[in-house]
Amino acid sequence: MKYVIINGSPRKKNTWAVVKQIKKSLDGEFEEIQLMKENIPICNGCFKCFDGEENCPHFDKVNPLVEKLKDADGLIITSPVYAMNVTSLLKNYIDHTAYLYHRPALFTLKGLVVVTTAGAGHKDVAKYMDETLRHWGVNKVYKLSFACGGKDSLDTKAIDKVAKRFGQDVESGKLHSPKIMDVLFYNVWRRFALNEDHIERDRQYWRETGLINHDFAPEVKLGIFKTIIAKASLFFFKRLF
Ligand SMILES: Cc1cc2nc3c(=O)[nH]c(=O)nc-3n(C[C@H](O)[C@H](O)[C@H](O)COP(=O)(O)O)c2cc1C
């Protein structure tokens with residue numbers, strides 16, 4: 001199994017200690033991306049990625065880091081809490097992937113989010129990172145968040161338990177039914193892609209991948225209840241937008 005690790009901490013300390021522990025519980029190859037060393041310039045808000053990610057002025061730096069995700073079985077993505085949020089390093093990377101919200105792609109990838117903090121904010125930050133991955137299309141997200149210095153600091157048992165569940169899931173290759181919110185977001189973007197005056201690149205992506213014809217990514221089984229939700233939401237969004 002191939003795991004990509006994106007470290008959103010500028011240093012290899014508390015958060016990295018959790019990653020090191022996770023690696024002990026997983027079998028596979030690991031590729032580390034230290035965002036601190038990638039020197040990705042700040043997203044300048046040009047909007048060009050929405051018209052095609054290759055138009056981003058930082059495409060040469062960002063695209064290899066997205067391509068690695070397409071090639072991986074599992075993603076481990078980390079951040080310490082900074083001012084009750086992710087680090088600017090990680091947020092800048094996420095901002096550069098905003099086009100993936102419009103054109104989700106990583107439907108077979110599974111993720112593990114790792115967050116450490118001195119005392120607060122870790123649950124909310126882990127939730128934000130979970131949601132981000134799911135906007136990219138990631139099939140299932142596991143979470144590990146710790147307050148360092150407290151009694152749960154480097155709880156190796158808890159780390160091992162979650163890492164093993166994540167690893168077994170990655171190895172199984174089984175794809176999980178998405179959350180209802182993911183079905184709704186998918187169908188919002190699908191709806192936009194049907195609109196003739198919507199961003200041409202999004203329209204092209206949804207048509208060329210065939211996603212436009214599906215209630216959700218076809219490799220992921222929805223089940224009857226979520227299929228009804230998908231169809232009903234598309235009908236509703238067609239009337240709304
Ligand atoms: C700039 C900065 C902002 C921080 N903000 C918070 C915060 O809002 N809440 C908190 O509990 N800890 C905060 N911390 C503490 C870190 O989240 C915590 O020490 C974390 O484990 C550091 O991870 P690292 O060793 O991987 O860098 C902050 C630390 C720094 C350097």
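A quick note: this is a predicted structure, and the numbers were derived from the prediction, not measured. (Residues numbered from 1 in each chain as written. Predicted model: local features only at pLDDT ≥ 70, side-chain atom pairs only at ≥ 80, totals over all residues. Heavy atoms only, no water.)

Draft legend 1. Fine view of the domain arrangement of the protein chain. What the domain assignment reports for the protein chain is domain 1 (2–172) and domain 2 (180–240). One C-alpha centre belongs to domain 1, the other to domain 2; they are set 26 Å apart. The partner domain 2 presents 15 residues to the 15 residues of domain 1 that form the contact. When the two sides are added together, the surface that domain 1 and domain 2 hide from each other amounts to roughly 1,200 Å², 59% of it contributed by carbon and sulfur. On the domain 1 side of the interface with domain 2, the three residues burying the most area are His102, Arg103 and Phe107, jointly 45% of the side's total. Connecting domain 1 to domain 2 are 4 salt bridges. Here Arg103 and Asp202 are joined by a salt bridge, their closest N and O atoms 2.7 Å apart. At the boundary of domain 1 and domain 2, one finds 7 residue pairs in polar contact (both at pLDDT 80 or more). Breaking the side of domain 1 that touches domain 2 down by element, the ones donating at least two residues are helix 5 (99–102) and helix 6 (122–136). Taken together, the residues that form the side of domain 1 that touches domain 2 break down as 5 nonpolar, 5 polar and 5 charged. (Domains from an automatic or database assignment. Contact = heavy atoms within 4.5 Å. Buried area = accessible area lost by both parts, 1.4 Å probe. Salt bridge = Lys/Arg side-chain N within 4 Å of Asp/Glu carboxyl O. Polar contact = N/O pair within 3.5 Å; in protein donor to acceptor, adjacent residues only side chain to side chain. Helix = DSSP H or I, 4+ residues; strand = E, 2+ residues; numbered from the N terminus. Nonpolar A, V, L, I, M, F, W, Y, C, P; charged D, E, K, R; others polar.)

Draft legend 2. Fine view of the packing of helix 4 (residues 88–96) against helix 6. Here helix 4 crosses helix 6 at 20°, and the two axes come no closer than 12 Å. Here helix 6 runs roughly parallel to helix 4, going by the angle between their axes. Taken as a pair, helix 4 and helix 6 cross one another with a handedness that is left-handed. For the pair formed by helix 4 and helix 6, the contact residues are Leu90, Lys91, Tyr93 and Ile94 on the first element and Tyr128, Met129, Thr132 and Trp136 on the second. Taken together, the residues that form the contact of helix 4 with helix 6 break down as 6 nonpolar, 1 polar and 1 charged. (Axes fitted to C-alpha atoms, helices over the stretch in contact; angles between N-to-C directions. Parallel < 35°, antiparallel > 145°, perpendicular 65-115°, else oblique. Left-handed = near helix turned anticlockwise from the far one by under 90°.)

Draft legend 3. Seen up close, a nonpolar patch on the surface. Taken together, the side chains of Phe236, Leu240 and Phe241 make up a nonpolar region of the molecular surface, amounting to roughly 310 Å² of accessible area. As for its placement among the helices and strands, Leu240 is situated in helix 10 (residues 223–240). (Patch = residues over 30% accessible without salt bridge, like charges linked within 9 Å, V, L, I, M, F, W, Y side chains within 5 Å. Areas by Shrake-Rupley, 256 points an atom, 1.4 Å probe, with all protein chains shown as cover.)

Draft legend 4. Looking closely at the pattern of salt bridges. Throughout the structure, instances matching the rule amount to 20 salt bridges. Glu67 is paired through a salt bridge with Lys70; the nearest N and O atoms lie 3.2 Å apart. Pair noted here: Glu67 and Lys70 are both in helix 3 (residues 59–70), with a separation of 3 residues, about one helical turn. Judged by relative accessible area, which is 35%, Glu67 ranks as partly exposed. A salt bridge links Arg207 to Glu200, with the shortest nitrogen-to-oxygen separation between them at 3.4 Å. Look at Arg207 and you get partly exposed, because its relative accessible area is 42%. (Buried < 20%, exposed > 50% of the residue type's maximum accessible area, 1.4 Å probe, protein only.)

Draft legend 5. View of the sheet that holds strand 3 (residues 74–80). With parallel pairing, 5 strands are arranged side by side in an open sheet as 2-1-3-4-5. This sheet does not close on itself; its edge strands, each paired only once, are strand 2 (29–34) and strand 5 (140–147). Each neighbouring strand pair of the sheet contributes to a mean axis angle of 15°, computed without reference to strand direction. Note that strand 1 (residues 2–7) and strand 2 share 6 bridges and pair parallel. Of the residues in strand 2, the one forming a bridge with Ile6 is Ile33. The strands that helix 1 (residues 14–25) touches are strand 1, strand 2, strand 3, strand 4 (110–117) and strand 5; relative to strand 4, the one it contacts most, it runs at about 140°. (Pairing = 2+ DSSP bridges.)

Draft legend 6. Broad picture of helix 3. The terminal C-alpha atoms of helix 3 lie 16 Å apart, and with 12 residues this matches the ideal 16 Å at 1.5 Å per residue to within 8%. For helix 3, the complete set of buried residues consists of Val62, Asn63, Leu65, Val66 and Leu69. The buried residues of helix 3 occupy one face: seen down the axis, they fall within an arc of 165°. (Expected span 1.5 Å × (residues − 1). Arc of directions from axis to C-beta.)

Draft legend 7. Representation of the side chain of His102. In this structure, His102 sits in helix 5. Engagement of the side chain of His102 in a polar contact is seen with the side chain of Asp202, the distance being 2.6 Å. Ignoring any residue separated from it by four or fewer positions in sequence, one finds His102 in contact with Phe50, Trp189, Ile199, Asp202 and Trp206.

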